[in-house]
Amino acid sequence: MENKIEVKMTKDGSHTLMSSLFDDSYHAHNGAMSESEHVYIDAGFAALSPDFNRVDILELGFGSGMNAILTLKSALSQTGKIERPIRFTSIEAYPIPMDVVAQLNYKAGFTPELAVLFDKLHQAPWDCDVEIIPGFILHKVHGKLQDFTGDTDSINLVFYDAFAPSKQPELWQQDNFDRLFPVMQAGGMLVSYCANGQFKRNLKAAGFKVKPYPGALGRREMTRAWK
């Protein structure tokens, strides 16, 4: 079935996308960029233990590239270069066409340098390592999580950003977290906007330690979990 994508404005002035295939938005209607910054950067990337010499991220859903560019922005914010190497692996079954990417207004709020990097993220070929800048390797996987086989103890941060459990239930089932747990390093963290009760029970059953965390934009909770 074709996935028709429509660009929509959110309340913080940043665009989100609507998927016809899943009848759901890629980000919160109260603020696309604000939500991603809270969930995946402030509560995720910025909170990862400094004991890790390298950040190895696995993202579920490359989508608009929001989480990837905000990770780059955060990493560059202090010194203008990557101090702790980052490998960013992102799994996407339904890549967004470049003509839709061109309609997104994210670059309007970026520096010229960051706007160039946003384009590089989307232009990077699939299924291979691409050095976006020194210290930041992107690997976009064109496929599904169910088919992904990561190396044991290779990931220390997971951005679990699938469509809502009611829209994409197969990605919130127990076997996904059973598969992720051995791929993650001890002390590694998983973050998600979702605070669904069954999701958290599935994480715990897979071996994760789960703690609630204040949600973004009026949501009571989001989820953080550790191996």
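Here the structure is shown first, and the text comes after it.
Residues numbered from 1 in each chain as written. Predicted model: local features only at pLDDT ≥ 70, side-chain atom pairs only at ≥ 80, totals over all residues. Heavy atoms only, no water.

A. Focus on the overall build of the chain. Helix and strand counts for the chain come out as six helices and 11 strands. A globule of 227 residues ought to have a C-alpha radius of gyration of about 17 Å, and the chain, at 16 Å, matches this closely. With the C-alpha coordinates of the chain rotated into their principal frame, the extents come out at 45 × 40 × 35 Å. When the 227 residues of the chain are sorted by exposure, 52% land in the buried category. Summarising the internal contacts of the chain: among those between residues at least 6 apart in sequence, 65% fall at separations of at least 24. Put simply, the chain has 23 plus and 27 minus side-chain charges, and the middle of one group is 6 Å from the middle of the other. (Helix = DSSP H or I, 4+ residues; strand = E, 2+ residues; numbered from the N terminus. Rg over C-alpha atoms; globule rule 2.2 N^0.38 Å. Buried < 20%, exposed > 50% of the residue type's maximum accessible area, 1.4 Å probe, protein only. Contact = heavy atoms within 4.5 Å. Lys, Arg positive; Asp, Glu negative; His and termini not counted. Charge placed at Lys NZ, Arg CZ, Asp CG, Glu CD.)

B. Expanded view of the nonpolar core. Counting 75 residues, the largest nonpolar core has Phe45, Ile69, Leu72, Leu121, Ile132, Phe136 and Tyr160 as its most contacted members. With seven residues, the single largest contributor to this core is helix 2 (residues 66-76). With residues up to four places along the chain from it excluded, the contact list for Phe136 reads Ala68, Thr71, Leu72, Ile82, Ile86, Phe88, Leu121, Val130 and Glu131. (Core = buried A, V, L, I, M, F, W, Y, C linked by side-chain atoms within 4.5 Å.)

C. Broad picture of the pairing of strand 11 (residues 221-226). Within strand 11, five of the six residues are buried, leaving the element largely enclosed by the surrounding structure. Sheet analysis places strand 9 (residues 184-192) next to strand 11, joined by four bridges and oriented antiparallel. Bridge pairing links Val191 to Arg224 in strand 11. Where strand 10 (residues 209-214) meets strand 11, six bridges bridge the pair, whose relative direction is antiparallel. Of the residues in strand 11, the one forming a bridge with Lys211 is Arg224. (Pairing = 2+ DSSP bridges.)

D. Local environment of the sheet that holds strand 1 (residues 5-9). Strand order in the open sheet formed by three strands is 1-2-3, with antiparallel pairing between adjacent strands. Of all the strands in the sheet, the pair left with one neighbour each is strand 1 and strand 3 (24-25). Examined bridge by bridge, strand 1 and strand 2 (residues 15-19) share five bridges and lie antiparallel to one another. When the sheet's bridge partners are listed, Met9 is paired in strand 2 with His15.

E. Fine view of helix 5 (residues 174-183). Of all the residues in helix 5, the buried ones are Asn176, Phe177, Leu180 and Val183. With its buried residues spanning 115 degrees around the axis, helix 5 presents them on a single face. Where helix 5 is buried, its residues meet strand 4 (55-60), strand 8 (155-160), strand 9 and helix 6 (197-206). (Arc of directions from axis to C-beta.)

F. Layout of the packing of aromatic side chains. All chains considered together, the criterion is met by 16 aromatic pairs. Pairing Tyr26 with Phe163 gives two aromatic rings, centres 5.1 Å apart and planes at 75 degrees, and the pair type is edge-to-face. Residue Tyr26 is found in the loop between strand 3 and helix 1 (32-42), and its partner Phe163 is found in the loop between strand 8 and helix 5; the two are separated by 137 residues along the sequence. Pairing Tyr160 with Phe199 gives two aromatic rings, centres 6.1 Å apart and planes at 25 degrees, and the pair type is stacked. Here Phe199 lies in helix 6 and Tyr160 lies in strand 8, a separation of 39 residues in the sequence. Three or more aromatic residues joined by ring pairs make a cluster, and in this case those are Tyr160, Trp172, Phe177, Tyr193 and Phe199. Positioned over the ring face of Phe181 is Lys227, at 4.8 Å from the centre of the ring. (Phe/Tyr/Trp six-rings, centres within 6.5 Å; stacked < 30°, edge-to-face > 60°. Lys NZ or Arg CZ within 6 Å of the ring centre and 35° of its normal.)

G. Representation of helix 2. Along helix 2, nine of the 11 residues are buried, which leaves the element largely enclosed by surrounding structure. When helix 2 is considered as a whole, its buried residues turn out to be Met66, Asn67, Ala68, Ile69, Leu70, Thr71, Leu72, Ala75 and Leu76.

H. Molecular detail of the pairing of strand 8. With respect to burial, strand 8 is a largely interior element, six of its six residues being buried. Where strand 4 and strand 8 come together, four bridges link them in parallel fashion. Across the sheet, residue Leu60 finds its bridge partner in strand 8, namely Tyr160. Here strand 8 runs beside strand 9; their pairing, made up of four bridges, is parallel. Counted as the bridge partner of Phe159 is Val191 from strand 9.

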